[in-house]
Amino acid sequence: YVNAVIFFCFTFITGGAILGVFSLFNIEPSGEISVALMVIPVYLILRGLTQVVQYFFSRSTIESFTYKVKVKAFDKTLTLRGFLDTGNNLFDGDNPVVVCDKRVFMSILGDNIAKVKLKGLEIITASGKSRNFCFELEQFILYIDGKENKFNNVTLCLSNKNCGEDF
């Protein structure tokens, strides 16, 4: 359904752009020069529309994998947004691993950094291998469609890249 709407919108806008170019230059649609004059403006308009459509589709794709999460450790609870990476399959032994950036990692650890035993976890990604610090959370809560899904024995791992604000 969405693809059909986009197709008709592109067709309508392209036709309008072509007629607009003809009207702007006062050219008869049957003239030979009309084809040469309409190719560049129509191409630019379609290119711009394609960028707009790609932007909105990428936003909807990213947002469909974003969920509310709560992280509990050291008598602290942080409410964050989580991005569900279904292709990851990252585990620390039998524990699933949640990756976060330095700001979130340090706000969870806080003053407990000297008390907790940080482990090193080797992570292999498309960009290469890295060894990252991690520790076990008391509880990880994932909210999907308003339903609370509680997980124990989840490892929180420090990412070597910025994951974004409150992710």
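Quantities reported herein were computed from a predicted structural model and do not represent experimental measurements. (Residues numbered from 1 in each chain as written. Predicted model: local features only at pLDDT ≥ 70, side-chain atom pairs only at ≥ 80, totals over all residues. Heavy atoms only, no water.)

Q: Explain the sheet that holds strand β8 (residues 147-151) to me, please; I cannot follow it from the model alone.
A: Pairing between sheet strands relies on hydrogen bonds along the backbone, with the strands arranged either parallel or antiparallel. Spatially, 4 strands are ordered β2-β1-β7-β8 in an open sheet, and the strand pairing comes out antiparallel. The two strands at the open ends of the sheet, each matched to only one other strand, are β2 (76-83) and β8. Ignoring strand direction, the axes of neighbouring strands in this sheet form an average angle of 25 degrees. Sheet topology note: the strand β1 (residues 66-73)/strand β7 (residues 139-144) ladder contains 5 bridges and is antiparallel. Residue pairing for β7: Lys68 is matched across the bridge by Tyr143. In the packing of helix α3 (residues 102-109) onto the sheet, contacts are made with β1 and β2, and the angle to β2 comes to roughly 160 degrees. (Pairing = 2+ DSSP bridges. Helix = DSSP H or I, 4+ residues; strand = E, 2+ residues; numbered from the N terminus. Axes fitted to C-alpha atoms, helices over the stretch in contact; angles between N-to-C directions. Contact = heavy atoms within 4.5 Å.)

Q: Could you clarify how one ought to interpret the pairing of strand β9 (residues 155-158) in this entry?
A: As a general feature of sheets, a regular strand has side chains that alternate between the two faces. Burial along β9 is two-sided: the face carrying Thr155 and Cys157 and the face carrying Leu156 and Leu158 are both buried. Where strand β6 (residues 128-136) lies against β9, 3 bridges are found, and the strand directions are antiparallel. Looking at the pairing, Cys134 lines up with Cys157 of β9. (Buried < 20%, exposed > 50% of the residue type's maximum accessible area, 1.4 Å probe, protein only.)

Q: Sorry if this is basic, but what is going on with the side chain of Asn95 here?
A: By secondary structure assignment, the location of Asn95 is in strand β4 (residues 95-100). The exposure class assigned to Asn95 is buried, which follows from its relative accessible area of 14%. In this structure the side chain of Asn95 is engaged in a polar contact, spanning 3.2 Å, whose partner is the side chain of Glu136. For Asn95, the contacting residues outside a window of four places in its chain are Leu90, Glu136, Asn153 and Thr155. (Polar contact = N/O pair within 3.5 Å; in protein donor to acceptor, adjacent residues only side chain to side chain.)

Q: Got a minute to help me understand the sheet that holds strand β3 (residues 91-92) in this structure?
A: On the basis of which strands lie adjacent, the open sheet formed by 5 strands has the order β3-β4-β9-β6-β5 and mixed pairing. Two strands close off the open sheet at either side, each with one partner strand: β3 and β5 (119-125). Sheet topology places β4 next to β9; 4 bridges connect them, and they run parallel. Within β9, the position partnered with Val99 by the bridge is Cys157.

Q: Which parts of the structure should I look at to understand the pattern of salt bridges?
A: Side chains that differ in charge, positive against negative, can pair when their charged atoms come close. Scanning the model with the defined rule gives 2 salt bridges in all. A salt bridge links Asp92 to Lys119; the nearest nitrogen and oxygen atoms lie 2.5 Å apart. Here Asp92, found in strand β3, pairs with Lys119, found in strand β5; they are 27 residues apart in sequence, far enough to count as distant. Exposure remark for Lys119: the relative accessible area of 36% places this residue in the partly exposed category. (Salt bridge = Lys/Arg side-chain N within 4 Å of Asp/Glu carboxyl O.)

Q: When you look at the environment of Asn153 in this model, what are you seeing that I'm missing?
A: For Asn153, the location among the structural elements is in the loop between β8 and β9. Spatially, the C-alpha atoms of Asn153 and Gln139 are 7.1 Å apart, while their sequence positions differ by 14 residues. Those residues in contact with Asn153, other than ones at most four positions away along the chain, are Asn95, Pro96, Glu136 and Leu137.

Q: Explain the packing of aromatic side chains here, please?
A: Aromatic ring pairs: the centre-centre distance and the angle between the two ring planes describe each pair. According to the stated counting rule, one finds 3 aromatic pairs in the structure shown. Aromatic side chains Phe7 and Phe8 sit 5.5 Å apart centroid to centroid with 65 degrees between the ring planes, which places their arrangement in the edge-to-face category. When its relative accessible area of 56% is taken as the criterion, Phe8 is described as exposed. Members of the aromatic cluster, connected to one another through ring pairs, are Phe74, Phe105 and Phe135. Stacked on the ring of Tyr143, the Lys or Arg Lys68 has its end atom at 4.7 Å from the ring centre. (Phe/Tyr/Trp six-rings, centres within 6.5 Å; stacked < 30°, edge-to-face > 60°. Lys NZ or Arg CZ within 6 Å of the ring centre and 35° of its normal.)

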